[in-house]
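Given next are the chains, with one letter for each unit.
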Amino acid sequence: MAAAWLAFFDALLSVALIAAGIVGAHFYLIAPFMGFQLFAVGFLLSIMGALIGFIAIFMTRKPQLRAGRNRALVGTAICLLIALPLIVTVLRSSKYPAINDITTDFDNPPEFVFAQKLQHEAGRDMKYDKAKYADKQLAGYGPIGPIKERLEPSAEFTRVSDVARAAPTWKITYSDRAKNTLEVVVTSWLFHFEDDVVIQIRPTPDGVSLIEMRSKSRDGIGDFGVNARRIRRFFDRVALARGKVNPQEELP
């Protein structure tokens, strides 16, 4: 029957679109965002296919209509295998605010210098918009502050640069030792999305270094918490580099 065929066809098309999106983006055959869009369409089709499949299974319960039951069962099973894990992921990510620019300093955020030249969207404004992001960041992630280090800024800049250079998906694109500023492009593994990061070492009145950081996605509106986690994990790496576990505990 038609519903069974449609569920089966939706399952095959969903698999094809998801595979095309992942393979195309991962191997640089298509743009990352296009790959993600194909992936998202495949996900939506899997939900539709599962719903149609349930209807088809119900409709083929009668003996005279069971010719398409196997197709309905296979199509529904494939769609559920795709849809359910992704639905769980989306639900878990719904707690994150729809922002993609995270900073450790709302009033004086580190500003990008070189990243503006790397944007695939010409003329994109890289300035931090406090009114747009600050309250949502606080509500979604709580305080994400800078950390203080017991090194003078130039020495701390060297250590931070070494930590950034050691991260496998990070590529340093700009380094200004005079201003103790570092810019990095971070590339995601699967779709190769590129995010921009700027790290700035600032002197403090008590003679130690303050590490300020900002992480901003190039695509989309939300980031599923990626930028906030990136800052916190980088600070953890800095803490590990100096032999301590939790750098946030050292804030005065």
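For the structure, check the block above.
First, a word on what this report is: a plain description of the structure on this page. The shown structure was predicted, so the numbers you read here are calculated from the model rather than taken from an experiment.

1. Remarks on the packing of aromatic side chains
Item 1. Overall, the coordinates contain nine aromatic pairs when judged by the stated rule.
Item 2. Consider the rings of F36 and F191, whose centres lie 5.8 Å apart with planes at 80°: the pair is edge-to-face. In this pair, F36 is assigned in helix α2 (residues 32-59) and F191 in the loop between β4 (181-187) and β5 (194-203), connecting sequence segments 155 residues apart.
Item 3. Judged by centre distance (5.7 Å) and plane angle (80°), the rings of F39 and F191 are edge-to-face. With a gap of 152 residues between them, F39 in helix α2 and F191 in the loop between β4 and β5 connect regions that are remote in the sequence.
Item 4. We classify F39 as buried; its relative accessible area is 16%.
Item 5. Look at F191 and you get buried, because its relative accessible area is 8%.
Item 6. A connected cluster of aromatic rings, assembled from ring pairs, spans F36, F39, F191 and F193.

2. Remarks on the pairing of β5
Within a regular strand, side chains alternate between the sheet's two faces.
Item 1. For β5, a buried count of eight out of 10 residues is recorded, marking the element as mostly surrounded by other parts of the structure.
Item 2. As defined by bridge partners, β4 adjoins β5 across seven bridges and the pair is classed as antiparallel. Residue L182 lies in a different strand from β5, and its bridge partner there is I199.
Item 3. From the end of β4 to the start of β5, which pair antiparallel, there are six residues, and H192 there has a positive phi angle of about 60°.
Item 4. Pairing of β5 with strand β6 (residues 209-217), which is carried by nine bridges, proceeds in the antiparallel orientation. Along β6, the bridge assignment pairs I199 with M213.
Item 5. Where β5 folds back onto β6 in an antiparallel hairpin, the turn is made up of five residues, including G207, whose phi is positive at roughly 85°.

3. As for helix α6 (residues 226-241)
Item 1. In this model α6 runs 22 Å from its N-terminal to its C-terminal C-alpha over 16 residues, within 8% of the 22 Å that 1.5 Å per residue would give.
Item 2. Among all positions of α6, only N227, A228, R230, I231, F234, F235, V238 and A239 are buried.
Item 3. Phi turns positive, to about 80°, at G243, one or two residues after α6.

4. Here we look at the pattern of salt bridges
Item 1. Taken as a whole, this structure holds 14 salt bridges when the rule is applied.
Item 2. K130 is the salt-bridge partner of D107, the closest N and O atoms lying 2.5 Å from each other. Residue D107 is located in the loop between β1 (101-103) and α4 (130-141), and its partner K130 is located in helix α4; the two are separated by 23 residues in the primary sequence.
Item 3. For D107, a relative accessible area of 62% corresponds to the exposed category.
Item 4. Relative accessible area serves as the criterion here: at 40%, K130 is assigned to the partly exposed category.
Item 5. The shortest N-O distance in the salt bridge between K148 and D206 comes to 3.4 Å. A residue pair is termed long-range when its members are at least 10 positions apart, and K148 in strand β2 (residues 147-149) and D206 in the loop between β5 and β6 qualify at 58 residues.
Item 6. On the accessibility criterion, K148 (18% relative accessible area) is buried.
Item 7. Salt bridges here are not isolated pairs; linked through shared partners, they connect D101, E111, R214 and K216.

5. Looking at the side chain of Q200
Item 1. Looking at the element boundaries, Q200 is found in strand β5.
Item 2. For Q200, the side chain forms a polar contact with the side chain of T181, separated by 3.1 Å.
Item 3. Non-local contacts of Q200, meaning those with residues more than four positions away in its chain, are made with P110, K179, N180, T181, L210, I211 and E212.

6. So, unusual backbone geometry
Item 1. The phi angle at Y28 is positive, at roughly 60°, despite the residue not being glycine.
Item 2. Within the secondary structure, Y28 sits in the loop between α1 (2-26) and α2.
Item 3. You can call Y28 exposed: its relative accessible area is 60%.
Item 4. Unlike most non-glycine residues, H192 shows phi in positive territory, near 60°.

7. Some words on the environment of L190
Item 1. Inspection of the secondary structure assignment puts L190 in the loop between β4 and β5.
Item 2. Sequence spacing of L190 and F27 is 163 residues, and the spatial spacing of their C-alpha atoms is 9.2 Å.
Item 3. Every residue in contact with L190, bar those within four places of it in the chain, is listed here: I22, A25 and H26.

Conventions used here
- Residues numbered from 1 in each chain as written.
- Predicted model: local features only at pLDDT ≥ 70, side-chain atom pairs only at ≥ 80, totals over all residues.
- Heavy atoms only, no water.
- Phe/Tyr/Trp six-rings, centres within 6.5 Å; stacked < 30°, edge-to-face > 60°.
- Helix = DSSP H or I, 4+ residues; strand = E, 2+ residues; numbered from the N terminus.
- Buried < 20%, exposed > 50% of the residue type's maximum accessible area, 1.4 Å probe, protein only.
- Pairing = 2+ DSSP bridges.
- Expected span 1.5 Å × (residues − 1).
- Salt bridge = Lys/Arg side-chain N within 4 Å of Asp/Glu carboxyl O.
- Polar contact = N/O pair within 3.5 Å; in protein donor to acceptor, adjacent residues only side chain to side chain.
- Contact = heavy atoms within 4.5 Å.

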